[in-house]
Every structure is written in structure tokens, then in C-alpha cells.
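Spelled out, the chains give:
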Amino acid sequence: MTLAPMEHAFEVDFFDDPAHFLDRAGDRLAAEPVVSTVVATIADRMARGGPVTSTAPYSWFAVVADAAGEIAGVAMRTAPFPPYPPYLLAMQDAAAIALADALVDRGEEVGGVNGAFPATRVAADRIAERVGGEVAVSMHVRLFELGTLVDPAPTPGRLRPAYDDEAPFALEWFRQFHVDADEQAGHEGLADRAESTTLDDLRERISSGRVWMWVDDADIPLHLTAANPPAYGVARIGPVTPREHRGRGYASAAVAEVSRRLRAEGSRVSLFTDQANPTSNGIYVALGFEPVVDMVELTIR
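Residues numbered from 1 in each chain as written. Predicted model: local features only at pLDDT ≥ 70, side-chain atom pairs only at ≥ 80, totals over all residues. Heavy atoms only, no water.

**Quick look at helix 7 (residues 250-264)**
Every α-helix winds through 3.6 residues per turn, so residues three or four apart in the chain are directed the same way. So the rule is basically this: Numbering of helices and strands runs from the N terminus; a helix is a DSSP stretch of H or I covering at least four residues, while a strand is a stretch of E covering at least two. To estimate the expected span of a helix, subtract one from its residue number and multiply by 1.5 Å. Each residue is placed in one exposure class: buried if its accessible area under a 1.4 Å probe, protein chains only, is under 20% of its type's maximum, exposed if it is over 50%, and partly exposed if it falls in between.
With 15 residues, helix 7 should cover 21 Å at 1.5 Å per step; its first-to-last C-alpha distance of 21 Å lies within 8% of that length. Within the sequence span of helix 7, burial applies to Y250, A251, S252, A253, A254, V255, A256, V258, S259 and L262.

Right under this line is the structure:
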């Protein structure tokens, strides 16, 4: 049975133009810049390119406001991989329900919801109640911020910016890394998110100096770490080590050096890990990264 929509004390506004969204929600994002890093960096990047354009079936940002007009929650739907999940920041249960009802009332098909716990679970449960289906956990994710950097053990090699002609095999590294990470953590069907990284994306990041390689004495790449341009003073990094080079300290060495450089630029440093992967979690904790908030990725079937 499909439940009737609820009367809400919250209003949901959707924005196709990320610049207008940032005008409305920028202060909210800036107040908690680490927790807001994903929404802030994506909105900022899209705003520099104008209104949202995407090959995904849905692409928007949203603000949930209370009766006084105060922002109670923020969300977006920009993921270019199935099931194109909305992404929620923390908000009251009632605000999450209002957002869920707004999505159903708009006629959007929602096969998953990602973001802060418990708001993400509340929204997913409400959508499942309205349209039918069951909610299941795909992945538990943890957001970390670097505290006091702890230098790792000395590792052979050095860090340098990536070269443009390294973009094709770097892209393959990204894609294979997601496949391997899924396998290691016991997940199924999540590796397709790697398809959201394109060759053009990587070349743009390389040209802007946001991709680094850890290389050996012959200048052969062994590991890469990429970073988003900072939003509200927070940079988010993503390390990738090919399977054949793992377990030799390259990730620790590269992440430490990249983090040091980002901090020298004045940025706070954050990253996400899959909670089911003890290896990566252990590496980053040893470097001084501290947990900030737990998030979850859910499917609705």
C-alpha cells in the first residue's frame, strides 16, 4: 500500500543552478566544511561551469528549511552512476522525511540514498514506505580529517606531479582500484561508480596540479593521490595504489606528503574510507587522520 504524503513543517527547495544553491546554502556549508566537503566541492565545481549539466537522469541541489526559513538540511543529486542516489547531509528526521516526500511527489525514481546517518536511513525508509521496496545497506563509510600528521616510515621513491600523458593509465588505476576494493571489502555491484571518473576529468585535475605520483628512481609511477580543489578551506584526497604495488608503504608516503603540501596551502585535509576495509583505515589512522562522521550508502529495491 502506498502511504499518503505527510503535512510537513519544512519546505524543500530544489536548485538546478549550483551558484544559486551556494548563495542560499553557502553559509551552512561553511559552518561545517569538513562534513559538507562532498556537497561543497561538487557545487563549487559545477558553479564555475554554470548551471548543472549531466548525463545522469537527475541533477539538482536542495535546501530543506523550517517554517522560519532557517536551513534544516542540505542534499544533492548529481551522482553519474546507477542508481543515481541522492546525497544527504545531517538533518532532523522530520526534515529527512519532508525531503523524501518531495522526491516521491516530484516523480523521481530513487533506487538508493547516500550520506549522513541517520538522516539517510530515515529518508530511504520513507521512500520505501511511499513507493514500496526494502532498504539495504551497500556500504558503511567513514569521513576522516587529518589531525597531527605522523610521518610514516621512510619509503623509497619521491612524490611529483602527474604528467598529462599518464592520464590514460591513471584512469585505469582508478577503475581497477574500485573493483579491487569491492572484492577486498566483500561488496558487490559498487565498482561502477568508478565510471564517474573520466579521462577529461583526470586531465583537468592533472593540468591544475591536483594529481601526484609516487615514483621510483627511474620515474616510474607506483601510486597516485589526487585532491579536489578546496571548498571552504577543506581539500579531500583520494589515494590509489595498483594491486601489484601494494603493501610497500607508497600510499602512506604519498598521502603524508600530499597532506603536508595541502596544509602548506592553508587547507584542512579530509578523506573517506570504506569501514569494511581495515587496511586503508589502519593506514590513515596511523598517519594521524581522525574520524569525523559515519555515513552510509543504501539501496532501495
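Still more ground to cover, so stick around.
**Thoughts on the pairing of strand 12 (residues 289-300)**
Put simply, the rule reads: Being paired, for any two strands, means DSSP has found at least two bridges between them.
Of the pairings in the sheet, the one linking strand 5 (residues 112-116) to strand 12 comprises five bridges and is antiparallel in character. Counted as the bridge partner of G115 is V296 from strand 12. Two elements, strand 6 (residues 135-146) and strand 12, share 11 bridges in a ladder whose sense is antiparallel. Bridged to V137 within strand 12 is L298.

**Points about the sheet that holds strand 2 (residues 60-65)**
Sheet strands associate in pairs through backbone hydrogen bonding, adopting either a parallel or an antiparallel arrangement. The test is simple: Residues are treated as being in contact if the distance between any of their heavy atoms lies within 4.5 Å. Convention adopted: a line fitted to C-alpha atoms gives each axis, helices being fitted over their contacting stretch, and angles between N-to-C directions are expressed from 0 to 180 degrees.
Taking strand neighbours across the sheet as the criterion, the 12 strands line up as 1-2-3-4-5-12-6-11-10-9-8-7 in an open arrangement whose pairing is mixed. What marks the edges here is a single partner per strand, and that holds for strand 1 (11-15) and strand 7 (158-161). Judged from the four bridges that link them, strand 7 and strand 8 (residues 211-215) form a sheet pairing that is antiparallel. Of the residues in strand 8, the one forming a bridge with P161 is W212. Sitting on the sheet, helix 1 (residues 18-31) is in contact with strand 1, strand 2 and strand 3 (71-77), with an inclination near 135 degrees to strand 3.

**Some points on the pairing of strand 8**
Here strand 8 lies mainly inside the structure; five of its five residues are buried. With burial as the criterion, each face of strand 8 is covered, one bearing V211, M213 and V215 and the other bearing W212 and W214. The antiparallel hairpin formed by strand 8 and strand 9 (residues 221-227) contains five residues in its connecting segment, where D219 sits at a positive phi of about 70 degrees.

**Some thoughts on helix 3 (residues 93-105)**
Between its first and last C-alpha atoms helix 3 spans 18 Å; for 13 residues at 1.5 Å apiece the expected length is 18 Å, and the two agree. Close packing links the buried residues of helix 3 with strand 1, strand 2, strand 3, strand 4 (87-88) and helix 4 (119-131). Among the residues trailing helix 3, G107 stands out with phi positive, at a value near 85 degrees.

**Describing the side chain of T37**
Considering the arrangement of structural elements, one finds T37 in helix 2 (residues 37-48). Residue classification places T37 among the buried residues on the basis of a relative accessible area of 1%. Non-local contacts of T37, meaning those with residues more than four positions away in its chain, are made with L143, V234, R236, S270 and F272.

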